[in-house]
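# What the coordinates show
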4 protein chains.
Amino acid sequence: MSGNTFGRLFRVTTWGESHGPALGAVIDGCPPRLPLNAADIQVELARRRPGRQAHATRRAEMDQVEILSGVFEGLTTGTPISLIIYNRDVRSQDYDELQEVFRPGHGDFTYQRKYGIRDHRGGGRASARETAARVAAGAVAQKVLAQENIKVIAFTLELGGVRATQVDESIIWDNDFYCPDAGVLPAMQERVQEVRTQGDSLGGIVEVRVQGCPAGLGEPVFDKLDAALAQAVMSVGAVKGVEIGAGFAAAGMLGSEHNDPLIPGGFAGNRAGGILAGISNGDEIVLKAAVKPIPSIAKEQLTIDVHGQPRVLRIRGRHDISAIPRIVPVIQAMVRLTLADFLLRHRAISCEP
Amino acid sequence: MSGNTFGRLFRVTTWGESHGPALGAVIDGCPPRLPLNAADIQVELARRRPGRQAHATRRAEMDQVEILSGVFEGLTTGTPISLIIYNRDVRSQDYDELQEVFRPGHGDFTYQRKYGIRDHRGGGRASARETAARVAAGAVAQKVLAQENIKVIAFTLELGGVRATQVDESIIWDNDFYCPDAGVLPAMQERVQEVRTQGDSLGGIVEVRVQGCPAGLGEPVFDKLDAALAQAVMSVGAVKGVEIGAGFAAAGMLGSEHNDPLIPGGFAGNRAGGILAGISNGDEIVLKAAVKPIPSIAKEQLTIDVHGQPRVLRIRGRHDISAIPRIVPVIQAMVRLTLADFLLRHRAISCEP
Amino acid sequence: MSGNTFGRLFRVTTWGESHGPALGAVIDGCPPRLPLNAADIQVELARRRPGRQAHATRRAEMDQVEILSGVFEGLTTGTPISLIIYNRDVRSQDYDELQEVFRPGHGDFTYQRKYGIRDHRGGGRASARETAARVAAGAVAQKVLAQENIKVIAFTLELGGVRATQVDESIIWDNDFYCPDAGVLPAMQERVQEVRTQGDSLGGIVEVRVQGCPAGLGEPVFDKLDAALAQAVMSVGAVKGVEIGAGFAAAGMLGSEHNDPLIPGGFAGNRAGGILAGISNGDEIVLKAAVKPIPSIAKEQLTIDVHGQPRVLRIRGRHDISAIPRIVPVIQAMVRLTLADFLLRHRAISCEP
Amino acid sequence: MSGNTFGRLFRVTTWGESHGPALGAVIDGCPPRLPLNAADIQVELARRRPGRQAHATRRAEMDQVEILSGVFEGLTTGTPISLIIYNRDVRSQDYDELQEVFRPGHGDFTYQRKYGIRDHRGGGRASARETAARVAAGAVAQKVLAQENIKVIAFTLELGGVRATQVDESIIWDNDFYCPDAGVLPAMQERVQEVRTQGDSLGGIVEVRVQGCPAGLGEPVFDKLDAALAQAVMSVGAVKGVEIGAGFAAAGMLGSEHNDPLIPGGFAGNRAGGILAGISNGDEIVLKAAVKPIPSIAKEQLTIDVHGQPRVLRIRGRHDISAIPRIVPVIQAMVRLTLADFLLRHRAISCEP
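Note that this is a predicted model, so its numbers are computed, not measured.

Of the regular secondary structure elements, chain A holds seven helices and 18 strands. Relative to the compact-globule value of 20 Å for 353 residues, chain A shows a C-alpha radius of gyration of 21 Å, a close match. Expressed along its principal axes, the backbone C-alpha trace of chain A runs to roughly 65 × 50 × 35 Å. Put simply, chain A has 353 residues, and 70% of those count as buried. Taking the intrachain contacts of chain A between residues at least 6 apart in sequence as the baseline, contacts between residues at least 24 apart amount to 70%. Split by element, the accessible area of chain A, about 10100 Å² in all, is 49% carbon and sulfur. Counting 39 positive and 40 negative side-chain charges, chain A places the averaged centre of each group 4 Å from the other.

So, about the interface of chain C and chain A. Every contact between the two is made by 45 residues of chain C and, on the other side, 45 residues of chain A. Both sides of the chain C and chain A interface together cover about 3400 Å² of buried area, and 61% of this is carbon and sulfur. Three residues, Leu68(C), Phe72(C) and Ile117(C), lead the burial of chain C against chain A; their summed loss comes to 19% of the area buried on that side. Seen at the junction of chain C and chain A, the total is zero salt bridges. Between the two partners, chain C and chain A, sit 15 residue pairs in polar contact (both at pLDDT 80 or more). For the side of chain C that touches chain A, the secondary structure elements donating two or more residues are β2 (11-16), β3 (22-28), β6 (75-76), β7 (81-86) and α2 (108-115) of chain C.

This part is about the sheet that holds strand β7 (residues 81-86) of chain B. All names here are of chain B. Strand order in the open sheet formed by five strands is β1-β2-β3-β7-β4, and the pairing between neighbours is antiparallel. Strands at the two margins of the open sheet, each flanked by one partner only, are β1 (5-6) and β4 (65-67). In the sheet, strand β3 (residues 22-28) pairs with β7 via six bridges, with the strands oriented antiparallel. Residue pairing across strands places Ala22 opposite Tyr86, the latter belonging to β7. Docked against the sheet, helix α3 (residues 131-146) engages β2 (11-16), β3 and β7, running at close to 30 degrees with respect to β3.

Another aspect to go through is the sheet that holds strand β16 (residues 285-291) of chain C. For sheets, the rule is that strands pair by backbone hydrogen bonds, running either parallel or antiparallel. Taking strand neighbours across the sheet as the criterion, the 10 strands line up as β9(C)-β8(C)-β10(C)-β16(C)-β11(C)-β11(D)-β16(D)-β10(D)-β8(D)-β9(D) in an open arrangement whose pairing is antiparallel. Unpaired on one side and paired on the other, β9 (162-163) of chain C together with β9 (162-163) of chain D mark the two borders of the sheet. Alignment of strand β10 (residues 204-211) of chain D against strand β16 (residues 285-291) of chain D, held across seven bridges, turns out to be antiparallel. Along β16(D), the bridge assignment pairs Val206(D) with Ala289(D). Across the sheet, helix α4 (residues 185-198) of chain C lies against β8 (151-159) and β9 of chain C, angled at about 60 degrees from β8(C), the strand it touches most. Against the sheet, helix α7 (residues 327-350) of chain D engages β8 (151-159), β10, β11 (239-244) and β16 of chain D, with an angle of about 145 degrees to β8(D).

The next subject is the packing of helix α1 (residues 38-48) of chain B against α3(B). All names here are of chain B. As a packed pair, α1 and α3 sit with axes 9 Å apart at the nearest point and diverge in direction by 140 degrees. In this view, α1 runs oblique relative to α3, as classed from their interaxial angle. You can see that α1 and α3 cross each other, and the crossing is right-handed. Contacts between α1 and α3 pair Asp40, Ile41, Glu44, Leu45 and Arg48 from the former with Thr131, Ala132, Val135, Ala136, Ala139, Val140 and Lys143 from the latter. In terms of residue class, the contact of α1 with α3 is built from seven nonpolar, one polar and four charged.

On to the state of the cysteines. Under the counting rule described, the total for this entry stands at zero disulfides over all chains. Considering cysteine sulfurs only, Cys351(D) is the nearest to Cys30(A), which forms no disulfide, with 15 Å between them. A residue is classified by how much of its surface remains accessible, and Cys30(A), at 2% relative accessible area, is buried.

Turning our attention to the interface of chain D and chain C. In this complex, chain D contributes 102 residues to the contact, which on the side of chain C involves 102 residues. Buried surface at the junction of chain D and chain C, summed over both partners, amounts to about 7600 Å²; 63% is from carbon and sulfur atoms. In terms of surface lost to chain C, no three residues of chain D exceed Phe222(D), Lys240(D) and Leu262(D), which account for 12% of the buried area on that side. Where chain D meets chain C, there are two salt bridges.

The linkage connecting Ile324(A) with the following residue, Pro325(A), adopts the cis geometry, with an omega of 10 degrees. Relative to the elements of secondary structure, Pro325(A) occurs in the loop between β18 (310-313) and α7 (327-350). The phi dihedral of Asp63(C) falls on the positive side, at around 50 degrees, and the residue is not glycine. Locating Asp63(C) in the fold gives a position in the loop between α1 (38-48) and β4 (65-67). For Asp63(C), a relative accessible area of 1% translates into the label buried. Although it is not a glycine, Asn149(D) adopts a positive phi angle of roughly 60 degrees. Locating Asn149(D) in the fold gives a position in the loop between α3 (131-146) and β8.

Relative to the helices and strands, Arg118(B) is located in the loop between α2 (108-115) and α3. Of the side chains with opposite charge, Asp108(B) comes closest to the buried, unpaired Arg118(B), at an N-O distance of 4.0 Å. A distance of 3.1 Å separates the side chain of Arg118(B) from the side chain of Gln112(B), its partner in a polar contact. When residues no more than four places from it in sequence are discounted, the contact partners of Arg118(B) are Leu98(B), Gln99(B), Glu100(B), Val101(B), Phe102(B), Asp108(B), Tyr111(B), Gln112(B), Val306(B) and Phe72(D).

What follows covers the packing of aromatic side chains. For the coordinates displayed, the defined rule picks out 22 aromatic pairs over all chains. Relative to Tyr178(A), the ring of Trp173(A) has its centre 4.7 Å away and its plane inclined at 70 degrees; by these criteria the two rings are edge-to-face. Take Trp173(A) and Tyr178(A): they sit in the same class, and that class is buried. Note on Phe102(C) and Phe109(C): the rings are 5.4 Å apart at their centroids and 85 degrees apart in plane angle, and the pair reads as edge-to-face. Both residues of the pair, Phe102(C) and Phe109(C), belong to the buried class. One aromatic cluster in this structure is built from Phe102(A), Phe109(A) and Phe267(B). Above the plane of the ring of Phe342(A) lies Arg345(A), whose end atom (NZ or CZ) is 4.9 Å from the centre.

All names here are of chain D. Relative to the elements of secondary structure, Ala333 occurs in helix α7. Classification of Ala333 by relative accessible area gives buried; the value is 2%. Through-space distance from the C-alpha of Ala333 to that of Met234 is 13 Å; in sequence the pair is 99 residues apart. Dropping the residues within four chain positions of it, Ala333 is found in contact with Arg134, Val135 and Gly138.

If you trace the backbone, Ile84(C) turns up in strand β7. Residues within four places of Ile84(C) in sequence aside, it is in contact with Leu68(A), Ile84(A), Trp15(C), Ala22(C), Leu23(C), Gly24(C), Gln64(C), Val65(C), Glu66(C) and Leu68(C).

Let us now look at the relation of the copies chain C and chain A. Take chain C, turn it by 180 degrees, move it 0.0 Å along the axis, and it overlays chain A with an RMSD of 0.0 Å. What we have between these two chains is a two-fold relation. Taken together, the interface assignments show that 100% of the residues at the interface of chain C recur at the interface of chain A, consistent with an identical surface on both copies.

All chains considered together, the criterion is met by 91 salt bridges over all chains. Across the salt bridge formed by Asp320(A) and Arg326(A), the nearest N and O atoms sit 2.9 Å from each other. Residue Arg326(A) is classed as buried on the basis of its relative accessible area, which comes to 12%. Ionic pairing is found between Lys151(C) and Glu169(C), a salt bridge with its closest N-O pair at 3.7 Å. With a gap of 18 residues between them, Lys151(C) in strand β8 and Glu169(C) in the loop between β9 and α4 connect regions that are remote in the sequence. Within this structure, Arg8(A), Asp223(A) and Arg345(A) form a network of salt bridges that share partners.

Looking now at the packing of α1(B) against helix α7 (residues 327-350) of chain B. Residue and element names in this part refer to chain B. Direction vectors running N to C along α1 and α7 enclose 135 degrees, while the axes themselves pass 9 Å from each other. In terms of orientation, α1 and α7 fall into the oblique class. Residues Glu44, Arg47 and Arg48 of α1 lie in contact with α7, whose contacting residues are Pro329, Val330, Gln332 and Arg336.

Okay, the relation of the copies chain D and chain C next. The operation relating chain D to chain C is a screw motion whose rotation component is 180 degrees, with 0.0 Å of axial translation and a residual RMSD of 0.0 Å. Comparing interface residues between copies, 100% of those in chain D also lie at the interface in chain C; the contact surface is shared.

The next thing to look at is helix α3 (residues 131-146) of chain A. The first and last C-alpha atoms of α3(A) sit 22 Å apart over 16 residues, in line with the 22 Å expected at 1.5 Å per residue. Here α3(A) lies mainly inside the structure; 14 of its 16 residues are buried.

Calculation criteria
- Residues numbered from 1 in each chain as written.
- Chains lettered and ligands numbered in written order.
- Predicted model: local features only at pLDDT ≥ 70, side-chain atom pairs only at ≥ 80, totals over all residues.
- Heavy atoms only, no water.
- Helix = DSSP H or I, 4+ residues; strand = E, 2+ residues; numbered from the N terminus.
- Rg over C-alpha atoms; globule rule 2.2 N^0.38 Å.
- Buried < 20%, exposed > 50% of the residue type's maximum accessible area, 1.4 Å probe, protein only.
- Contact = heavy atoms within 4.5 Å.
- Areas by Shrake-Rupley, 256 points an atom, 1.4 Å probe, with all protein chains shown as cover.
- Lys, Arg positive; Asp, Glu negative; His and termini not counted.
- Charge placed at Lys NZ, Arg CZ, Asp CG, Glu CD.
- Buried area = accessible area lost by both parts, 1.4 Å probe.
- Salt bridge = Lys/Arg side-chain N within 4 Å of Asp/Glu carboxyl O.
- Polar contact = N/O pair within 3.5 Å; in protein donor to acceptor, adjacent residues only side chain to side chain.
- Pairing = 2+ DSSP bridges.
- Axes fitted to C-alpha atoms, helices over the stretch in contact; angles between N-to-C directions.
- Parallel < 35°, antiparallel > 145°, perpendicular 65-115°, else oblique.
- Left-handed = near helix turned anticlockwise from the far one by under 90°.
- Nonpolar A, V, L, I, M, F, W, Y, C, P; charged D, E, K, R; others polar.
- Disulfide = S-S within 2.5 Å.
- Phe/Tyr/Trp six-rings, centres within 6.5 Å; stacked < 30°, edge-to-face > 60°.
- Lys NZ or Arg CZ within 6 Å of the ring centre and 35° of its normal.
- Least-squares fit on C-alpha atoms with pLDDT ≥ 70 in both.
- Expected span 1.5 Å × (residues − 1).

Written as structure tokens, this is what we have:
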């Protein structure tokens, strides 16, 4: 399989099932002598943690991370950094009836078809719980980016059709929706409440902005920076679309509208989203990700069982109304991992003796 | 750098500049004993060839491909397949003034910043001409897919705001826009003519549908099939956004709307776009790509030169009005390359002695 | 760095330092539905375990392995298999004086030069303790090989100049030297005792034989099977030379002596060591590895400290007299990992729909 | 298959069959702004060229290399460098009878078994002719090494049992045996003449010494520098064994003999061969490779045909008496490619903003 590793030089391998004893990540290729401790990681994990938001899943995981290797006296050593998070609040019996039934919108059916076997408890490897390892690894990646003062901002642009119209970065992590527009918070809250009552779920859009990224990152032609970001972000389970800069709006523009004129010191406009011909241009990188509504809904659904027979399914257990906002730090982490990798890749050819 | 190779098992490495002596691709990992000859490739190259469409670039390349290795007596041998296309109609003098000036929307600026050097003639490696190698390689990938009766259809969904509303696959390659809806061809033609007169350019949307793909392709968690497709398609120069299935529309749906119920023999609905949890589900794979307007426009543009001084630029030379339709076979090729690779990756774990 | 992953399809990533809390391996790409439990791994770890042999290091690690993911109800699921071994009997104070001094023959100096930092306790990542993770992973690889009845035998051919002259596979794991020749055991024992008294250490030669390997494994031209085996085995710390088949003796042979004639059903002779042009030929694969004497000796040695000043060093702590026999299961594991990977790589191109 | 690419950052992909139209290499990841022209490569190719030495194969290839991409106005641009060498003096009819017969010691049998098809003409992809592409790529790698004044010396240590006892680097390329000891040339000449008369062939040993390699190259634990060199050198067809430093002799040494004491400014002794714990230590890197006798001999040999029937074979065509000396620049090239790759890999983690 071998799809559980991300990156070429700054490489992350994640492992773990939702209801197994633990999950984790091994980071190989992290430069030595970076300050790192568990608290650096914990702060990021807290943002993804279930149970944090009023409207989110009620599984109460503390998500306590331990660093098992690669750090000595508070500094990275250049050897693999192994991170582990033990699963505590596991209630596998909630999933007993799913042993035989495929949940619509989930990976139950495809895992069964691909592997001929699956750990049905909590979605096994396909669970969103897997993303805790990504967030932990992303916190380490951020240490590499910090060396060059690169900052990755992520937030909820839209939730259930309610869209932020202004961006105040300072409030993002202080509200339940990781939304940068205080004005729309009540409407978001109302929308969530309404859908919860209906036993349904919501999608939305996450936006990422990268500030301070130097020009020159990206490896033409197949490993363009935007291509790598698209893979990174689309690899997060609920994401169904990715845009760079003007994105799909570009399809309706004229060349004279879309081109960003160069001016001394930069660009007049940023329809490109900070990337030209697959290489960062020094401007802000702007990316949007479409997040589908969470497939686990309380409503009755039609499906089939492992024998191919029709079944009516009503999902129990503890579930979020939306992957937003918990997906925000996950997408942020994927962008960080991508940039850290490309920073190292660029150094390999640009540093000289 | 090393960004010029695509795929893990079915691997393609491309090389070549727009105005160099030749360009090409080396395909490593192609299974042995597949029938292959230059004509199989030529038919695909013809669809991408400049000068084919009335409204496209007037550079008159024949794009004659030669197979230099890996094929013996009409069959692949399992050794690397080297494909070469010599450049013939090169008029580098058209680009003399671009030696010092960065074209807006192009890679001139970023290549210069990344490498400290660039072949300015025709965009060098960043030229769309590079995609000829992709199309050639994609024709070989299709030989692998044909073994399992997998069919990759690609077409123009939208051009300059004019959108197809029905899909007749049989007419795609027979019209100048690779559009499956005969009814909108006149409007597309009109839109192109209008913009040509203005010295401007157009964007659009390409759609890809994969039929006959078995369930089970895709490698969780980072190499999900949709993530790999996103990278593949976003790595095509002009693409600024990628959607799978419902894409950005999913952001506004309820879970009960977005979930595709399972029914005996398949799914009722395909909002998922044929992929669940990163693994193909046996349904049609549906992908859309946003194509930006071509940056080379006849209008005057503001820019800077290599010394950072402001300049007014009017681009000469031979340029298309839109990357559409020539980008259609390119995107099709990237999807083929991705699927061929994932097919082999899946065989590695699913075939038994 | 990224050197801590081995394999392309059957991939192993190891992590952990000698005196950190734990060490482990993540195996990605293992085919699903193979029976696997901790006991399968434990039996292999026991052969590498310190303290098992009378003459070996006195560090008393139980090396208890836990499977943290990738196995469900006794079967592999196709998802990453995470293995962890906690370090128990750590006496870091033995190494306090090594914080400032480089031990000859060890990685102390080169790790310091490469990373500008090192975990000096017990050799950190460069410790032979790292190989426990390889052995654990090798036990999983053997599950893949067992599907095709491939058997990897490894043994001590030579220790301190005492060489086995016959091979009785049945006694290998039952004697303290993992030696297949009962007749030379007393001489080996004597040699070890003699050198222990001198405060010195011994080298030797390990031989590996692979039985039942089908013809066709190996990926020309750079990933020849013998090339991959050479890397795999040379990546074990103490190995300084690798031979396939006749090895260095081939340098002195005539072509007519070295060529193995083909006969119906196989070969008359096996100077090739089971590999021709980088591809297994169906005959027994034969490999030899030269193992250097353990660098930690009780004798006084000249060295320098981290300030470049000359020092006289007398190493304390618990050390083996030779990497043999504990290195035997490690080399065996590396061969198993290589073959499992090449088996999957071959299936990718040889299995058809 | 995918075994035709070497390296992680400085990556070379080779292609081509012995009797196809051409062979070549694509180098991806070469840093920009290095001076490079065809003549730089040609001088290395001349040393590997058939027909150069009196006793070597009589196929008269000029091996004229063309650079098709990646170089602009005499400097590398950071984009892929495509090198091509057309085959001229092809006499495929010499091989007609080999269509049905497997030559002992060659890849005929294993290619047939692996792929179910093979280009029998001149050994196809398994021909030593493939190594021309390696030598060409190695010349480019040397450009990277030259930036840090790293020098790779290679020579014939032993041929047909005649061994050099002193090393005068200045005469290596000036004699027919690439031997650094003028005193043994007559004996080598005599040995070759004797074996030629017998219709037989000879093996030997090649030694490589790397001077000026900085401490710090090598990626523990699996990608140790010695492990990577072992793979690189063993991937050359005729090589059956590789030693680093003391090599197999280390197996018979005591620790006190083998350990190289550290002294201010370096090491007293170099049994390690310049590598400790897989990382270069700043001392001279020393490697030896055992080369088997060429399998194509004039004598009658027993073999089988593709139907499994016994046959008596007498090989015709033009063949060398030994892979030495033409293999010397090939092994040198593989070491250069390895070091260039590891230099870039090290820069990725050691260069800071």
